[in-house]
Amino acid sequence: MADDGAVTRVEAGPATYWTPGAQILWRYRENAGEQVHIARPVTVVRDDAELLAVWMAPGTECVRPVLADGTPVHVEPLETRYTKARTVQRDRWFGTGVLKLAQPGRPWSVWLFWEPGWRFKNWYVNLEQPLARWAGGVDSEDHFLDITVDPDRTWRWRDEDEFAQAQRDGLMDRATAERVRAAGREAVAVIEEWGQPFSDGWPHWRPDPSWTVPSLPEDWGRTPAHVSS
């Protein structure tokens, strides 16, 4: 890990993994576009053929999309949320940290949230393109539809209104939407069977206290020279 907290430049091909403590970027491309509009520096917890687990610490400087006038996206009415001009801005993650888990090739990742004092809050299944690895991190595209899972294992769909609006606004065609819904049903089946990673005890995990908060590099939006799934 770099002493200045910068993103570690590691070649990460299909058979090359980051070591715990390495600092990488977890990014999302804009929908129906190629530019990165979400970039989050994270610390690798585990990385192998079965799972990539990363930690986004409280206070992490990130990049997020906003409307061209600086209005937060979620404040804009749904009917115009995806059609108004956007830009990006730097911000900080001020909530409690987030543990993100991704199984290679799966079209979703599972995020764990805690309340202050490490009281486990919930799992969050983020439906997305399978992560693509590159030298500085992983990239994906968000698919709007999500699932929350409470500690008692009950689950519910989230953001179905945004999922429908994105289709109306041309950000997702019908075939893609059907694949996303099918991926969601697959995730629900894993939840109901209480398969991995839900059964792996991650709510009891805690970050290494020696880890520093990764910094956001100036070239956070660079185009990867090499990408692999």
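Residues numbered from 1 in each chain as written. Predicted model: local features only at pLDDT ≥ 70, side-chain atom pairs only at ≥ 80, totals over all residues. Heavy atoms only, no water.

(A) Just the pattern of salt bridges, in detail. Using the criterion set out here, one finds 13 salt bridges in the structure. A salt bridge links D91 to R64, with the nearest nitrogen and oxygen atoms 2.7 Å apart. Within this pair, whereas D91 is found in strand 5 (residues 86-92), its partner R64 is found in strand 4 (residues 61-67), the two being separated by 27 residues in sequence. A relative accessible area of 27% places D91 in the partly exposed class. Take R64: its relative accessible area is 27%, and that puts it in the partly exposed class. With a shortest N-O distance of 3.3 Å, D219 and R222 are connected by a salt bridge. Look at D219 and you get partly exposed, because its relative accessible area is 32%. (Salt bridge = Lys/Arg side-chain N within 4 Å of Asp/Glu carboxyl O. Helix = DSSP H or I, 4+ residues; strand = E, 2+ residues; numbered from the N terminus. Buried < 20%, exposed > 50% of the residue type's maximum accessible area, 1.4 Å probe, protein only.)

(B) Region of the structure containing helix 2 (residues 160-168). Considered for burial, the residues of helix 2 that qualify are E162, F163, Q165 and A166. Buried residues along helix 2 cover an arc of 165° about the axis, so they all sit on one side. Summarising the contacts, the buried residues of helix 2 are in contact with helix 1 (78-81), strand 10 (137-149) and helix 3 (174-193). Of the residues trailing helix 2, G170 is marked for its positive phi of about 80°. (Arc of directions from axis to C-beta. Contact = heavy atoms within 4.5 Å.)

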